[in-house]
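Secondary and tertiary structure notes
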Amino acid sequence: MSNFTSVPIIDFQRLQDPETKVETLTQLRDAIFLVGFLYLTNHGLESLTKRAHATLPDLFSLPSETKERTNMINSPSFLGYTHLGAETTALKTDMREQFDFGTPNLPPSNNQTAPVWSRLEGQNQYPTPATQSLVEEYITSFIPLSNTFLQYVAESLSLPPTTFDTYRGTMDRLKFIKYPPQPSSSGENKSQGVGPHKDSTGLFTFLSQDTTGGLQVLNKRGDWIDVPPLEDEGALVVNIQQGFEAITGGVCSATVHRVVAPKSTTRYSIPFFMGIRMDLTLSNLRDSARHIVEKVPVGEWSDEDEMKRRAEDVPSEFLSDRFDCFGEAYLRNRIISHPDVGKKWYPELYERYSSDPFYLY
Ligand SMILES: O=C(O)CCC(=O)C(=O)O
Ligand SMILES: [Fe+2]
């Protein structure tokens, strides 16, 4: 990551228009290489995201018994409701409330010998039928957008458009999040909406945020850079996840980000997390990294050595030999973020991960 001071804007229509495509692919490549975050405008799903946001105040105002009936504690797949204060990031409590959903109607895995992480793909818990239809429509609409985007990313790196298609997982994730206001008097401990992290469940995240603000990304100098809502309210914030970082050997790194809790208004956001194949092993990842990195032209980069170094020794937990495959690293992330759920469904892994400092951050 370089010392960027703002997040670039990529116009999706200009990527699709043959007249402007080449120029926009260059902007996309710079956003991917240098920042790891971008705004995506004119993507065509603006009315859907607007409609989804309009439902969130009522959804979160449902009686707590209704929300609690869908508590994530019921789900070995970490799908469902998380009340305020039940999630931890970077060892601190996040001041947010949320519903996690996954791609609906996946075939159930009945295989007794399936690896433990295959339980991450499971059934949703819906608080209302209206939420179910909204979630189904939302995920079904974001799958083609994210797939097309992934092909443009490949093209922007001078790779064939389908280069990353085989890494695509079967389950994407969607979250509806509420950040209630935390007045300054509530103390330093409560200013964390979500703590510093890299997204860890897949390839790219597509986030729809409201007009409140609070999302920040970390540049190489260690400065937190604001990612404010744009005047174009339909813009999505897109960022690289650890899965994409791993398959590109760190050439495209996942940028650390956080949300500072709002002081006086409620903030809502909706991230869609594009899934990655969970059976990828460390050697698959290393091979793909080598194969992809070799082809990415670094010539125009001002600092070729920096690029090579990143490609070789990126500190990605998904390239760590502590984990056999991506699904295992992903499961560890879920267990650390939602310790109560982890303890219930995966007691041995919970013990291992929570007693070894390596696993905690
Ligand atoms: O709410 C946001 O703006 C970001 C949320 C986020 O980073 C996450 O849930 O991974
Ligand atoms: Fe995130």
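Now for a quick tour of the structure. (Residues numbered from 1 in each chain as written. Chains lettered and ligands numbered in written order. Predicted model: local features only at pLDDT ≥ 70, side-chain atom pairs only at ≥ 80, totals over all residues. Heavy atoms only, no water.)

Within the first shell, the iron ion (ligand 2) binds the protein through His-197 (NE2), Asp-199 (OD) and His-257 (NE2), at distances of 2.1 Å. We note that the donor set of the iron ion (ligand 2) lies within a single chain, spaced as H-x1-D-x57-H. Highlighted residues: His-197 in strand β8 (residues 192-197) and His-257 in strand β13 (residues 257-260), separated in sequence by 60 residues. Exposure remark for His-257: the relative accessible area of 6% places this residue in the buried category. (Donors = N, O, S within 2.8 Å, 3.2 Å for Na, K, Ca; no water. Helix = DSSP H or I, 4+ residues; strand = E, 2+ residues; numbered from the N terminus. Buried < 20%, exposed > 50% of the residue type's maximum accessible area, 1.4 Å probe, protein only.)

This next bit is on the side chain of Glu-87. Of note, Glu-87 is situated in the loop between β3 (80-82) and β4 (88-89). Since its relative accessible area comes to 3%, Glu-87 is described here as buried. Apart from residues lying up to four places away in sequence, Glu-87 is in contact with Thr-82, Lys-92, Thr-93, Asp-94, Arg-96, Gln-98, Lys-175, Ser-337 and His-338. (Contact = heavy atoms within 4.5 Å.)

What follows covers the packing of helix α2 (residues 21-35) against helix α5 (residues 129-156). Between α2 and α5, the least distance of the axes is 8 Å, while the angle of their chain directions is 90°. Our classification of the angle between α2 and α5 gives roughly perpendicular. Residue-level inspection shows Lys-21, Leu-25, Leu-28, Arg-29 and Ile-32 of α2 in contact with α5, the latter providing Phe-149, Tyr-152, Val-153, Glu-155 and Ser-156. Its residues assigned to classes, the contact of α2 with α5 shows six nonpolar, one polar and three charged. (Axes fitted to C-alpha atoms, helices over the stretch in contact; angles between N-to-C directions. Parallel < 35°, antiparallel > 145°, perpendicular 65-115°, else oblique. Nonpolar A, V, L, I, M, F, W, Y, C, P; charged D, E, K, R; others polar.)

Enumeration according to the criterion identifies 13 salt bridges in this entry. Of the charged contacts in the structure, one is a salt bridge between Arg-173 and Asp-100, with a shortest N-O distance of 3.9 Å. With Arg-173 in strand β7 (residues 173-179) and Asp-100 in strand β6 (residues 97-102), this residue pair connects regions lying 73 residues apart in the sequence. Note on accessibility: Arg-173 and Asp-100 belong to one class, buried. Between Arg-277 and Asp-279 there is a salt bridge whose closest N-O contact spans 2.9 Å. According to the relative accessible area criterion, Arg-277 is partly exposed, its value standing at 30%. Among the ionic contacts, a cluster of salt bridges with common partners joins Asp-100, Arg-173 and Arg-334. (Salt bridge = Lys/Arg side-chain N within 4 Å of Asp/Glu carboxyl O.)

As a further point, take the site of ligand 1. The immediate surroundings of ligand 1 are formed by Arg-96, Lys-175, Ile-177, Tyr-179, His-197, Asp-199, Leu-207, His-257, Val-259, Arg-267, Ser-269 and Phe-273. For ligand 1, whose unbound accessible area comes to 300 Å², protein coverage reaches 95%. Where the shell around ligand 1 is concerned, the elements lending two or more residues are β7, β13 and β14 (267-275). In terms of residue class, the shell around ligand 1 is made up of five nonpolar, three polar and four charged. (Near = heavy atom within 4 Å. Areas by Shrake-Rupley, 256 points an atom, 1.4 Å probe, with all protein chains shown as cover.)

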